[in-house]
Protein chains: 2
Amino acid sequence: MRLPIRAVTPEIESAEIVGWVHEVRDLGGLSFFLIRDRTGIIQVTMPKKNVPAEILEVARSVSRESVVRVRGSVKAIDKAPGGREIVPDYLEIINLAETPLPLDVVEKVPADMDTRLDSRFLDARKPRVRAIFFIRSALTCAATEFLASRGCINITTPKIVAAATEGGTELFPIAYFEKEAFLNQSPQLYKQMLMAAGFEAVFEIGPIFRAEEHNTVRHLNEATSLDIEVSFADHNDVMGLLEDLIVHIYGSVAKNCADDLAEIGIDLAIPERPFPRIPYLEAIEIANRSIEEKISFGDDLTPAAERAIGESMGGHYFIVDWPTDIRPYYAMPYPDRPAFCKAFDLMHPRMELASGAQRIHDHDLLVERIRAKGLSTESFEFYLRTFRYGMPPHAGWGLGIERLVMTMLDLSNIREAVLFPRDRHRLTP
Amino acid sequence: MRLPIRAVTPEIESAEIVGWVHEVRDLGGLSFFLIRDRTGIIQVTMPKKNVPAEILEVARSVSRESVVRVRGSVKAIDKAPGGREIVPDYLEIINLAETPLPLDVVEKVPADMDTRLDSRFLDARKPRVRAIFFIRSALTCAATEFLASRGCINITTPKIVAAATEGGTELFPIAYFEKEAFLNQSPQLYKQMLMAAGFEAVFEIGPIFRAEEHNTVRHLNEATSLDIEVSFADHNDVMGLLEDLIVHIYGSVAKNCADDLAEIGIDLAIPERPFPRIPYLEAIEIANRSIEEKISFGDDLTPAAERAIGESMGGHYFIVDWPTDIRPYYAMPYPDRPAFCKAFDLMHPRMELASGAQRIHDHDLLVERIRAKGLSTESFEFYLRTFRYGMPPHAGWGLGIERLVMTMLDLSNIREAVLFPRDRHRLTP
């Protein structure tokens, strides 16, 4: 029976493995392969004197990145990866790789992002790249488990919708039979409608679609959002839940992905609760101390402003008490100072990770806010009517999974955190 | 602090609850409310003599399905739901519902499916409907946990794609900036490419989109698929994994959702392993014994055939060894009898649940099969090239989450298993 390569230790007498030929070296009387699977790398050593001729024959025809099966005896050896090697008595080429490879998996010369994404199937064979996606998997599974343990119901909301969440821009149109439809920008309206349905606490991890024209290292046109909505909760309650989730995820990754973190070279510090909460007014003041293009009241934060505040904060933090006018229509204004609302952003020193608010649950106030944004209430009727028959107070947020992975692992481009990114120019693979 | 209604037991002296007014009864000297949250129903009893006048005043103005907060003393009482009631000393209307309701939550008169879906937010307040979605949540969370424990990596593949998985039909077109794109029919090609990336075992729970014209009780145009792909595995290995998953999910729902199952009236029998495997040839023979429109070799099974075989099998089973010509191009033919392939369907007596196969991992054979289907290899180049540089043998399947929920809970229409279904005519809410 075959073993994962990591499970082949010097204590084992013999082993069968399968994997990809990571490197081939021929030193005259001695050939070496490095064989790689998703758990690690092992050296296969073929002293020409001691290995059957038919194995040497097969070995000569193997190209790098071919898939092979190897059986043989295991020897302890100091200089090889993992302190052991296999001397084969069986070698089979399962699938021979063509040469040359379109992308070098050993990556002696770093490739640019576009070249890497064009051959993502080879790029993701690199142990460092694989580690990113194994951590992303651990992260989403940990989130699911944590939120279920907190009584949140895992929901699925439609991605094909008839109306925009936040008005008419940045939508991808679809031909839905004879009707016009769009890809959903966010599950916002649907998760709120499930508060009207009495579900009380819901979450979804799913795709969101934004037809944004700009092409930056931190935007995607198709991204993954972790969305939450909780009834009888205010913005402070769901900020607490978000904080708990982030700390849980970091803890879970630190505990379960030590090897993957080491592969990427990350010494993961688990953030400490509570994350500081700074009001918008204070945030722009901090930013304006050091940035050139000053932020005025009612401006959104620029990337430069986010960096300046991030540097001053040093870790995760919340920006709270935003001007009502620059937040979506569904954010709840403070009753005693309606120019500000119960909205928040969760920030990493590098960028925004999540955005949320206590929502308006009063039908007439919501209609007023939709109109104030210059939007028509007509296309929102399917949503507005759920506020007329017993909508509870509620709050929630949406967290970008790719940004969470990107900041956790200190990746320079958000495309590093998606297997097959979709951006302004990229639609394949 | 407020309690979930289920946690209010006769042993508690006083409690605060929030919820929806499920029913209102006024018997002259005595008023009753039934208050409902997602955990249950409690009676609020207001004997006019003993309850403060201001509470009676508020009580008189409450409409059904309004959101209220109630505080009061808890009394044991045999005839009320849960054997207890609250006599209030505080009653607050949090959000008043308009009257009349567009859909009756108590459902004394059953509504038709379209009326229910038009007001899904009210329909889903019915304890029976809520229970379906709480079980669906438990089911997807249990699947995630189980597959992670089996070493499967949780992946996210793009939903916006440039090419059809299985040729050109049944696609929803998208305007992706200046390019033509489509909504993905299945993660098939992407999960296979991740086998080429050396991920070895992956899973995804995500939306799939089919522009099928027909409108039946078991088809959706947007559905949720649980997809798996495993390297160095054949069709038998992944049938084993599928069987294990189904048994795990049934066990987990039986254990964790007893109250929800009772609400729906389901006494859940956990299927027994191994599920019988019957070859396609035998399956059509069984069907032809009892159906009128006979199935010939090379025909797909009709719903009538599926029902006939299902009746004879009595539980979950696999149909294996399908004719190569009626399966997708990527199914692996048996080397010794290439008219048949290593494909299978997982069947519930009522219908097909999952479809899978060992896949072709040889580039040239795959090209041959794509051409034999009359498809052009050109649009598949992004996929085909991953077979030229070390593609391992692999197998996998896709399981329809809605069909799994539908058959588990004996629902008559697949729309019962989706919060906001998308079909030939429905795009809202």
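Everything numeric in this text was worked out from a predicted model, so none of it was measured.

A. Spatial organisation of the sheet that holds strand E2 (residues 30-37) of chain A. Residues and elements named next belong to chain A. Sheet architecture is closed into a barrel: 5 strands sit in the order E1-E2-E3-E5-E4, paired in mixed fashion. In this sheet, neighbouring strand axes are inclined to one another by 50° on average, regardless of whether the strands run parallel or antiparallel. Note that E2 and strand E3 (residues 40-47) share 8 bridges and pair antiparallel. For isoleucine 35, the partnering residue across the bridge sits in E3 and is isoleucine 42. The strands touched by helix H1 (residues 53-61) within the sheet are E2, E3 and strand E5 (84-95), with E5 carrying the most contacts at an inclination of about 65°.

B. Geometry of the side chain of aspartate 423 of chain A. Residues and elements named next belong to chain A. On the secondary structure map, aspartate 423 appears in the segment after helix H12 (401-408). You can call aspartate 423 buried: its relative accessible area is 6%. Side-chain polar atoms of aspartate 423 contact the backbone nitrogen of arginine 426, separated by 2.7 Å.

C. Seen up close, the packing of aromatic side chains. Enumeration according to the criterion identifies 38 aromatic pairs over all chains in this entry. Between tryptophan 20 of chain A and phenylalanine 232 of chain B, the aromatic rings sit 5.9 Å apart at their centres with planes inclined by 70°, giving edge-to-face as the arrangement. You can see tryptophan 20 of chain A sitting in strand E1 (residues 14-26) and its partner phenylalanine 232 of chain B sitting in the loop between strand E11 (222-231) and helix H6 (235-256), one on each of two chains. Owing to a relative accessible area of 17%, phenylalanine 232 of chain B belongs among the buried residues under this scheme. When the centroid spacing of 5.6 Å and the interplanar angle of 65° are considered together, the rings of phenylalanine 297 of chain A and phenylalanine 340 of chain A count as edge-to-face. A residue pair is termed long-range when its members are at least 10 positions apart, and phenylalanine 297 of chain A in the loop between helix H8 (280-290) and helix H9 (303-313) and phenylalanine 340 of chain A in strand E15 (residues 337-348) qualify at 43 residues. By relative accessible area, phenylalanine 297 of chain A is classed as partly exposed at 46%. An aromatic cluster is defined as three or more aromatic residues linked by ring pairs; in this entry it consists of Tyr329, Tyr330, Phe380, Tyr383 and Phe387 of chain A. For the cation-ring pair, arginine 327 of chain B lies above tryptophan 322 of chain B, with the distance from its terminal atom to the ring centre recorded as 4.7 Å.

D. Representation of the sheet that holds strand E4 (residues 67-76) of chain B in the model. Residues and elements named next belong to chain B. The mixed closed barrel is built from 5 strands, whose spatial order is E1-E2-E3-E5-E4. Pairs of neighbouring strands in the sheet enclose a mean axial angle of 50°, with direction left out of account. Judged from the 2 bridges that link them, strand E3 (residues 40-47) and strand E5 (residues 84-95) form a sheet pairing that is parallel. Looking at the pairing, valine 44 lines up with isoleucine 86 of E5.

E. View of the packing of helix H4 (residues 127-149) of chain B against H6 of chain B. Residue and element names in this part refer to chain B. The interhelical angle for the contact between H4 and H6, taken along N-to-C directions, is 135°, at an axis separation of 9 Å. It follows from the interaxial angle that H4 and H6 lie oblique. In this structure, the crossing between H4 and H6 has a hand that is right-handed. Note on element contacts: H6 touches H4 through Leu241, Asp244, Leu245, His248, Ile249, Ser252 and Val253, opposite Ile135, Leu139, Ala142, Ala143, Phe146 and Leu147. Of the residues contributing to the contact of H4 with H6, the split by class is 10 nonpolar, 2 polar and 1 charged.

What counts as what
- Just so you know, the residues in each chain are numbered from 1, in the order the chain's sequence is written.
- Here the convention is simple: chains get letters from A, ligands get numbers from 1, in the order in which they are written.
- Reporting of local features is limited, given that this is a predicted model, to residues whose pLDDT is at least 70; pairs of side-chain atoms are given and counted only at 80 or more, and all residues count toward the totals for whole chains, interfaces and linings.
- Side-chain figures throughout are based on the complete set of non-hydrogen atoms in the structure, without hydrogens or water.
- Pairing between two strands is assigned when DSSP locates at least 2 bridges connecting them.
- To qualify as a helix, a DSSP run of H or I must reach at least 4 residues; to qualify as a strand, a run of E must reach at least 2; elements of each kind are numbered from the N terminus.
- A fitted line through C-alpha atoms serves as each axis, taken over the contacting stretch for helices, and the angle formed by two N-to-C directions is quoted from 0 to 180°.
- By definition in these notes, contact holds between two residues if any of their heavy atoms fall within 4.5 Å.
- Residue burial is assigned from relative accessible area. The probe radius is 1.4 Å, only protein chains are included, and a residue is buried under 20% of its type maximum, exposed over 50%, and partly exposed in between.
- Side-chain atoms alone can form a polar contact between residues adjacent in sequence; in general such a contact is a pair of N or O atoms within 3.5 Å, and within protein one must be able to donate a hydrogen while the other accepts it.
- Within 6.5 Å between ring centres, the rings of Phe, Tyr and Trp (the latter by its six-membered ring) count as paired, and their orientation is classed by plane angle as stacked under 30 degrees, edge-to-face over 60, tilted in between.
- Note on criteria: charge over ring means Lys NZ or Arg CZ within 6 Å of the ring centre, with the direction from the centre no more than 35 degrees off the ring normal.
- The scheme is simple: roughly parallel for angles under 35 degrees, roughly antiparallel for over 145, roughly perpendicular for 65 to 115, oblique for anything else.
- Each crossing gets its handedness from the near helix: less than a right angle anticlockwise from the far helix is left-handed, clockwise is right-handed.
- Think of it as three bins: nonpolar holds Ala, Val, Leu, Ile, Met, Phe, Trp, Tyr, Cys and Pro, charged holds Asp, Glu, Lys and Arg, and polar takes everything else, Gly as well.

Keep in mind these numbers describe shape, not what the thing actually does.
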